Amino acid sequence: MRIKKRRFITFYAYLMVLWIMLSSEAIYAHVYPWWDNTFKILVVLFGIGSIAWLRVEQAKKLIVYFTMLSIILLLWTIGGATVVHVLTILAKLVPIIFFCCAMKNKNVDLIRIVYSTIYYLVVLSLIFFILFDLNLLGIAPTRYIWELDNGYQYIYTNYLGIYFRWHRTRSVLGINMISANGIWHEPGAYQIYANLGLFFALFTYSSEKKSKCKAVVFTLAVISSTSTMGLLLMAVLYFIHFGKKISIWKIIVIIIAGCLVTIFSVFLLAEKMGTANWLDRTGNWAKGFSYILKSPIFGYDIGNAPLYSGFLSYFVLFGILGCYPVFVFLKGVWKRNVFGQRSIDKIAISAWYILSMMNENYAYFSVIFLIYGICTFFVGNGNSTRPHDCLWRISETA
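Residues numbered from 1 in each chain as written. Predicted model: local features only at pLDDT ≥ 70, side-chain atom pairs only at ≥ 80, totals over all residues. Heavy atoms only, no water.

Q: I'd like to hear about the sheet that holds strand S3 (residues 163-166), residue by residue, with values.
A: As a general point, the strands of a sheet are linked pairwise by backbone hydrogen bonds and lie either parallel or antiparallel. The antiparallel open sheet is built from three strands, whose spatial order is S1-S2-S3. Of all the strands in the sheet, just strand S1 (142-147) and S3 have a single pairing partner and so form its edges. In this sheet, adjacent strand axes meet at a mean angle of 40 degrees when their direction is disregarded. In this sheet, S3 lies alongside strand S2 (residues 153-159) in antiparallel orientation, the contact comprising four bridges. Paired with tyrosine 156 across the bridge in S3 is tryptophan 166. The sheet strands contacting helix H6 (residues 110-133) are S2 and S3, and the helix crosses S3 at an angle near 80 degrees. (Pairing = 2+ DSSP bridges. Helix = DSSP H or I, 4+ residues; strand = E, 2+ residues; numbered from the N terminus. Axes fitted to C-alpha atoms, helices over the stretch in contact; angles between N-to-C directions. Contact = heavy atoms within 4.5 Å.)

Below you can see the structure in the form of structure tokens.
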């Protein structure tokens, strides 16, 4: 009976993590009206359902904690944020925090579940890429257009309604290369997941037999995205990984890989520079800093105005108060060894976090909240994570 209960909890955790990822920038949310709300509701239900595995004293202190958090979030209305915006963030955050705390109580290795879920989603994305983009099935695609409220359009190549790939290609050395986005809405989101999986394969779970094969899978995913930031981040992760024990062959590999990534990135940047998209992005920074100056402490509500840097958008919206989640992440990484005990593990995951958040506006999506929850309640122990009471001193449960 105990084994069955353990399996149920693990299965529950896998489903919750899957719901969180499918509600964080999956392309289907922009194609099918029912998708986004369905998975967000599932996250809320599964998160609230996790209360059953909390102790009474924990539940009471979580309520006090969220009451204080709500007051802080409501202070953002000083900067123009709407109450609806604040409630939306709480609706995402509260269930995930309950879930992470409950998994801590049940000694669930949540990081391994995140790693495995990302791996299977990336494998699925690569299968779609091989079958459809390489046209092995000979299926004629159609075009799907997703139009934003501000008039900006995303154009996708639609295969059977199950795979939607960016219609845009990138010219590298005169070759038009496909920018794969997997099951996510654009290559920038795809590479964030793929590079997080690559980090786990190269660092947290590097001692496992299948880690090298999984690293190859994640590497192919990043390359297929042709994301400039994705390639740069992948190169940084490999540089840190090979830098553990320097040998002449590793130096040669690093130099060759560095040259290839540099050449590739230069051509991608050359293609972007001078285009409307490039000018829009660079002008975006000046606009963002002007917003910060208007309300540096409590943040400034920018409505639907896009800011392409995640960190910039984060601090514009939340101000100095927005530093708290960043502090939670850094404390979990550097003090609690959540993602590994070695210095290179900590440097690598910090590089992933900083570069990913600089790339796109993902700083307050559900999957990032999950990372914050893990950093809050878990502590590293070799190649796995074990629960850690960071908010309250409560005796461990069996």
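What follows continues from the structure just given.
Q: Which residues make up helix H15 (residues 366-377), and what values do they have?
A: Here H15 is 12 residues long and its end C-alpha atoms lie 17 Å apart, about the 16 Å a rise of 1.5 Å per residue gives. H15 sits mainly inside the fold: 12 of its 12 residues count as buried. Taken residue by residue, H15 has Ser366, Val367, Ile368, Phe369, Leu370, Ile371, Tyr372, Gly373, Ile374, Cys375, Thr376 and Phe377 as its buried positions. (Expected span 1.5 Å × (residues − 1). Buried < 20%, exposed > 50% of the residue type's maximum accessible area, 1.4 Å probe, protein only.)

Q: Before we move on, can you summarise the packing of helix H1 (residues 2-22) against H15 with the specific residues and values?
A: Packed helix pairs are characterised by how far apart their axes lie and by the angle those axes make with each other. Two elements in contact, H1 and H15, have axes separated by 7 Å at closest approach and are oriented at 135 degrees. For the element pair H1 / H15, the angle class is oblique. Note on element contacts: H15 touches H1 through Ser366, Val367 and Leu370, opposite Val17, Ile20 and Met21. Tallied by class, residues from the contact of H1 with H15 come to five nonpolar, one polar and no charged. (Parallel < 35°, antiparallel > 145°, perpendicular 65-115°, else oblique. Nonpolar A, V, L, I, M, F, W, Y, C, P; charged D, E, K, R; others polar.)

Q: Provide a residue-level description of the packing of aromatic side chains, including the pertinent values.
A: All chains considered together, the criterion is met by 33 aromatic pairs. The interplanar angle of 85 degrees and the centroid separation of 4.9 Å between the aromatic rings of tyrosine 12 and tryptophan 53 together place this pair among those described as edge-to-face. Of this pair, tyrosine 12 sits in helix H1 while tryptophan 53 sits in the loop between helix H3 (33-49) and helix H4 (56-74), and the two are 41 residues apart along the sequence. For tyrosine 12, a relative accessible area of 11% corresponds to the buried category. The buried category is assigned to tryptophan 53, whose relative accessible area is 14%. Ring centres of tryptophan 34 and tryptophan 35 lie 5.5 Å apart, and the angle between their planes is 50 degrees; on these two criteria the pair is classed as tilted. Members of the aromatic cluster, each reached through a chain of ring pairs, are Phe8, Tyr12, Trp19, Tyr28, Tyr32, Trp34, Trp35, Phe39, Phe46, Trp53, Tyr144 and Phe164. Cation over ring: lysine 214 sits above tyrosine 119, and NZ or CZ is 5.0 Å from the ring centre. (Phe/Tyr/Trp six-rings, centres within 6.5 Å; stacked < 30°, edge-to-face > 60°. Lys NZ or Arg CZ within 6 Å of the ring centre and 35° of its normal.)

Q: Tell me about the pattern of salt bridges, and name the residues and values.
A: Summed over the entire model, instances satisfying the criterion amount to five salt bridges. Measuring nitrogen to oxygen at the nearest pair gives 2.8 Å for the salt bridge that ties aspartate 345 to arginine 342. Here the residues in one salt-bridge network are Asp109, Arg112 and Glu208, joined through shared partners. (Salt bridge = Lys/Arg side-chain N within 4 Å of Asp/Glu carboxyl O.)

Q: Kindly report on the side chain of asparagine 105, identifying the contributing residues and their values.
A: By the secondary structure assignment, asparagine 105 is in helix H5 (residues 83-105). Here the side chain of asparagine 105 touches lysine 104 through a polar contact of 3.2 Å, side chain to side chain. (Polar contact = N/O pair within 3.5 Å; in protein donor to acceptor, adjacent residues only side chain to side chain.)

Q: Requested: an account of the environment of valine 17, with residues and values cited.
A: When you line up the elements, valine 17 lands in helix H1. Spatially, the C-alpha atoms of valine 17 and phenylalanine 46 are 9.9 Å apart, while their sequence positions differ by 29 residues. Setting aside chain neighbours within four positions, we find valine 17 in contact with Phe99, Leu110, Ile113, Val114, Thr117 and Leu370.

Q: A description of a nonpolar patch on the surface should follow, citing residues and the corresponding values.
A: Where nonpolar side chains cluster on the molecular surface, the patch consists of Ile130, Leu134, Leu136 and Leu137 and spans about 380 Å² of accessible area. With a relative accessible area of 39%, isoleucine 130 lands in the partly exposed category. (Patch = residues over 30% accessible without salt bridge, like charges linked within 9 Å, V, L, I, M, F, W, Y side chains within 5 Å. Areas by Shrake-Rupley, 256 points an atom, 1.4 Å probe, with all protein chains shown as cover.)

Q: I'd like to hear about helix H9 (residues 228-242), residue by residue, with values.
A: In this model H9 runs 21 Å from its N-terminal to its C-terminal C-alpha over 15 residues, within 8% of the 21 Å that 1.5 Å per residue would give. Those residues of H9 not exposed but buried are Thr228, Met229, Gly230, Leu231, Leu233, Met234, Leu237, Ile240 and His241.

Q: Describe in detail the side chain of glutamate 186, supporting the description with residues and values.
A: Looking at the secondary structure, you find glutamate 186 in the loop between strand S5 (175-178) and helix H7 (187-204). Take glutamate 186: its relative accessible area is 7%, and that puts it in the buried class. A distance of 3.1 Å separates a polar atom in the side chain of glutamate 186 from the backbone nitrogen of glycine 188.

Q: I'd like a description of unusual backbone geometry, backed by residues and values.
A: Trans is the common state for peptide bonds, and a negative phi is the common state for residues other than glycine. In the Ramachandran plot, glutamate 25 falls in the positive-phi region, its phi being about 70 degrees despite a non-glycine side chain. Classification of glutamate 25 as buried rests on a relative accessible area of 16%.

Q: Give me the environment of arginine 55: which residues, what numbers.
A: Within the secondary structure, arginine 55 sits in the loop between H3 and H4. A relative accessible area of 16% places arginine 55 in the buried class. Sequence separation between arginine 55 and asparagine 105 is 50 residues, and the spatial gap between their C-alpha atoms is 8.7 Å.

Q: Explain the nonpolar core to me, using residue names and the numbers behind them.
A: In this structure, Phe99, Met103, Leu110, Phe200, Phe329, Phe339 and Leu370 are the most contacted members of the largest nonpolar core, which totals 108 residues. In this structure, methionine 103 is in contact with Ile9, Ala13, Trp53, Val108, Leu110 and Phe378, ignoring residues within four places of it in sequence. (Core = buried A, V, L, I, M, F, W, Y, C linked by side-chain atoms within 4.5 Å.)

Q: Please provide a residue-by-residue account of the environment of threonine 38, values included.
A: Of note, threonine 38 is situated in helix H3. For the pair threonine 38 and leucine 22, spaced 16 residues apart in the sequence, the C-alpha separation amounts to 10.0 Å.

Q: For the packing of H7 against H9, give the residues involved together with the corresponding values.
A: Two elements in contact, H7 and H9, have axes separated by 10 Å at closest approach and are oriented at 5 degrees. Here H7 is positioned roughly parallel relative to H9, judged by the angle of their axes. Contact residues: H7 offers Gln191, Asn195, Leu198, Phe199, Leu202 and Phe203, while H9 offers Met229, Gly230, Leu233, Met234, Leu237, Tyr238, Ile240 and His241. Of the residues assigned to the contact of H7 with H9, the class counts are 10 nonpolar, four polar and no charged.

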